[in-house]
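Given next are the chains, with one letter for each unit.
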Amino acid sequence: MRIVHMVGARPNFMKAAPVMQALAESGQTRQILVHSGQHYDFNMSDVFFQELGIPAPDLNLQVGSGSHAQQTAAIMKLFEPVVLEQRPDLVLVYGDVNSTLAAALVCAKLLVPIGHVEAGLRSFDRTMPEEVNRILTDQVSDFLFTPSRDGDRNLTHEGVAPEKIHLVGNVMIDTLIRMLPKSQEHSMRDLPERYAVVTLHRPCNVDDLAWLGAMIQTLQDVSHDIQVLFPIHPRTRQRLAEAGLGNGQDNGLRLLKPLSYLEFLALESRATVVITDSGGIQEETTYLGVPCLTVRENTERPATVEAGTNVLVGRSLDRIRSEIARILAGNTKQGEVPPLWDGCAARRIAEIITTRC
Ligand code: UD1
């Protein structure tokens, strides 16, 4: 059986790694890895391949950055001939980035079966580009691999046939479980016992420069009580520079380059609190039992709030301050790990693919 994997952006890599490994162990597949080139910096892409032991891509489409339409169209145009040449039995796409949707649309038109890993998640907020990517990818997919029960419910509600939906658990947590022991060798120097980690990159947070400035001011205030470490996504770095806020040493925050998987996991696993707008980090902190404040009005990962340690603080600076004060006072939300976030999700996916495809 011939399987093409499409990956493109940083959060795809840790999801594809365990699935490729589980399929390789099945010994029944020939796998071809295509990288769209959506993320291209060494520390946004190559370092993840190195650390996670992902084989070098068979093909890199090198699309780079652009508007959503430009990026999606460029991937589609370059991916179509690959699918025509390879004639795969299945194309696997991951998560909710532009590369995910572009590859799924190409396959839907060529009548090539599609498997969507991390299907069914919904924020119910169509102002997020990722929400549009999720809905459309799920509509054209043949195998919908969901990480949690809310995903199954969302898909059923949207009319997806039940036989296409497979609750398999969380592949991102497969990678976390595998890499956690190794990450502990990557501890940063000069780390205080208590510290906060911040990551922000969503357009709704970083493209509004007035809001970004207000958040930075709040984080500076917080840094009087606890050291704040802020690994900066390239999009956020550009926006901070535009707003004249880029100098971390002057503003009391410890600004860092984007970290590798192992470096970030080491930092996150020992943090007193994580403040983020990422999807994957909400899941990782829930697994690790680390308090997480999500600077968004909604989440497509409700299990992290209902069962886990995640708290949605919305667009409220007062709420960020009060939640941090609560955590520093030792009053933390206790969480549980959702079912099937157990390190075996990719094996379940491989089993389904090799028996039903
Ligand atoms: C993308 C995903 C988002 C995911 C995030 C993780 C979509 C719609 N968004 O957002 O869901 O959470 O990746 O990082 O697919 N840039 C670089 N180097 C790189 C990549 C990007 O400098 O290697 C800069 C470019 O200026 C680019 C900007 O970052 O324009 C944004 O990159 P893009 O891929 O458009 O979206 P992300 O914000 O990374």
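This text goes with the structure placed above it.
Residues numbered from 1 in each chain as written. Predicted model: local features only at pLDDT ≥ 70, side-chain atom pairs only at ≥ 80, totals over all residues. Heavy atoms only, no water.

## Here's the deal with the overall build of the protein chain
- On a plain count of helices and strands, the protein chain comes out with 16 helices and 13 strands.
- Whereas a compact globule of 357 residues would reach a radius of gyration of roughly 21 Å, the protein chain reaches 20 Å, a difference of no more than 12%.
- Referenced to the eigenvectors of the C-alpha coordinate spread, the extents of the protein chain come out at roughly 60 × 40 × 40 Å.
- Within the span of the protein chain, comprising 357 residues, buried residues form 58% of the whole.
- Within the protein chain, counting contacts between residues at least 6 apart in sequence, those at least 24 apart form 69% of the total.
- Within the structure as shown, the protein chain displays about 14600 Å² of accessible surface, and the carbon and sulfur contribution to it stands at 51%.
- Between the centroid of the 34 positive side chains of the protein chain and the centroid of its 42 negative side chains there is a distance of 1 Å. (Helix = DSSP H or I, 4+ residues; strand = E, 2+ residues; numbered from the N terminus. Rg over C-alpha atoms; globule rule 2.2 N^0.38 Å. Buried < 20%, exposed > 50% of the residue type's maximum accessible area, 1.4 Å probe, protein only. Contact = heavy atoms within 4.5 Å. Areas by Shrake-Rupley, 256 points an atom, 1.4 Å probe, with all protein chains shown as cover. Lys, Arg positive; Asp, Glu negative; His and termini not counted. Charge placed at Lys NZ, Arg CZ, Asp CG, Glu CD.)

## Structural notes on the environment of Pro113
- Following the sequence through the fold, Pro113 ends up in the loop between helix H4 (98-110) and strand E5 (114-117).
- Residue classification places Pro113 among the partly exposed residues on the basis of a relative accessible area of 29%.

## Focus: the site of the ligand
- Around the ligand sit 19 residues in total, of which His39, Asn98, Glu130, His201 and Gln238 are the nearest.
- The side chain of Gln38 places a nitrogen or oxygen atom 2.8 Å from an oxygen atom of the ligand.
- Contact between the ligand and Asn98: an oxygen atom at 2.8 Å from a main-chain N or O atom of the residue.
- When the free accessible area of the ligand is taken as 740 Å², the share hidden by the protein chains comes to 88%.
- Where the shell around the ligand is concerned, the elements lending two or more residues are helix H3 (68-86) and helix H10 (234-242).
- If you tally residues by element for the shell around the ligand, the top one is H10, at three residues. (Near = heavy atom within 4 Å. Polar contact = N/O pair within 3.5 Å; in protein donor to acceptor, adjacent residues only side chain to side chain.)

## Considerations on helix H1 (residues 10-26)
- For H1, the principal kink sits at Ala16 and spans about 30°; a proline, Pro18, occurs within the next four residues.
- For H1, the set of buried residues is Asn12, Phe13, Met14, Lys15, Ala16, Ala17, Pro18, Val19, Met20, Ala22 and Leu23. (Bend = angle between axes of the 7 residues up to and from the residue.)

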